[in-house]
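# Structural characterization, general
Read off the chains here:
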Amino acid sequence: MNGLLHQTEAVFFDFDGTLQGFDTHQISLSTMRSLHALKNQGIKIFIATGRSLDGFPALQELEFDGYIFNNGVICTDDKRDIFHISYIDEWDVKQLIDYSVQENLAFSVMKLGHFSINHVNDYAERTFNFLNIPVPEIADPLLLRTDDITQLNIFVDEDKEHFVVNTVMRNVESSRWMPYFADINPKGLNKMAGITKMAERFGIDISKTLAFGDGGNDKPMLAGCGFGVAMGTANTDVKQAANYVTHSADEDGVYKALKYLKMI
């Protein structure tokens, strides 16, 4: 396997819990050095995150070759210029809005240049505290355009998530990387779909790709890339989707995995 990994053309990294630790909310020095070492070998490095383009930090000390945002819904080049974008079906958005009015469901809306939430419940408050990011503006979803939404987040438990995705909506899929909320994206779009689009644009052989991740939304790329590495904080199902399990982001997990794989 190590012989194959020496032919790696590109590495795709989740951000929260993979590059940036949940404890420190920082990218460790060992991780930054590892990314630079990959670049120096001519290996392309990409971000594949559930975050939005507008909600992603600058990371000026690191030069990525491209970015996948909203779990594959938006793909950009190194300058964050968009070359692919999809939107949630307007029918599904309206269904969720109607349901939220009836059931007092808390959900957030992501679109280019916009991030809002209809109201804040306990799960939402826990989410933004844990991620160390401010609560988005509170906005009435009935006043928003519904044809340009890239991602929705519902602040519910898993049972309610499955009901919303399978009964209330019909053209979406969900993924969860924290216990307090689920990402909602257009059906068929996930991080692996974004990686496929990125590979087509850059002429990358999927069999020569490596992916790092820790959440439920990372499972498609951990299983779909040539080799998948799960972080030590990942749940069992995420680890099972990977080829190798490393330490946590705050315990130099990226560096240790790349060292074990003899890539740095």
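About the thresholds
- Residues numbered from 1 in each chain as written.
- Predicted model: local features only at pLDDT ≥ 70, side-chain atom pairs only at ≥ 80, totals over all residues.
- Heavy atoms only, no water.
- Pairing = 2+ DSSP bridges.
- Helix = DSSP H or I, 4+ residues; strand = E, 2+ residues; numbered from the N terminus.
- Contact = heavy atoms within 4.5 Å.
- Axes fitted to C-alpha atoms, helices over the stretch in contact; angles between N-to-C directions.
- Phe/Tyr/Trp six-rings, centres within 6.5 Å; stacked < 30°, edge-to-face > 60°.
- Buried < 20%, exposed > 50% of the residue type's maximum accessible area, 1.4 Å probe, protein only.
- Disulfide = S-S within 2.5 Å.

## Quick word on the sheet that holds strand β8 (residues 137-138)
Reading across from one edge, β8-β7-β6-β9-β11-β10 is the order of the six strands in this open sheet, with mixed pairing throughout. Every interior strand has two partners, whereas the edge strands, β8 and β10 (172-178), have only one. The sheet contact formed by strand β9 (residues 151-154) and strand β11 (residues 181-186) spans three bridges and is antiparallel. Paired with N153 across the bridge in β11 is D183. Here helix α3 (residues 90-103) sits on the sheet in contact with β6 (107-111), β9 and β10, set at roughly 155 degrees to β6.

## What about the packing of aromatic side chains?
All told, the structure shown has 16 aromatic pairs when counted by the stated rule. With a centroid separation of 5.9 Å and 45 degrees between ring planes, the pair formed by F155 and F181 is classed as tilted. Separated by 26 residues along the polypeptide, F155 in the loop between β9 and α5 (158-168) and F181 in strand β11 bring together distant segments of the chain. As far as burial versus exposure is concerned, F155 and F181 are alike and both buried. Ring geometry for Y244 and Y260: centres 4.4 Å apart, planes at 5 degrees, overall stacked.

## What to know about the state of the cysteines
For the structure shown, the criterion picks out zero disulfides. With no disulfide partner, C75 has as its closest neighbouring cysteine sulfur the one in C225, 13 Å distant. C75 sits in the buried class, given a relative accessible area of 0%. By relative accessible area, which is 6% here, C225 ends up buried.

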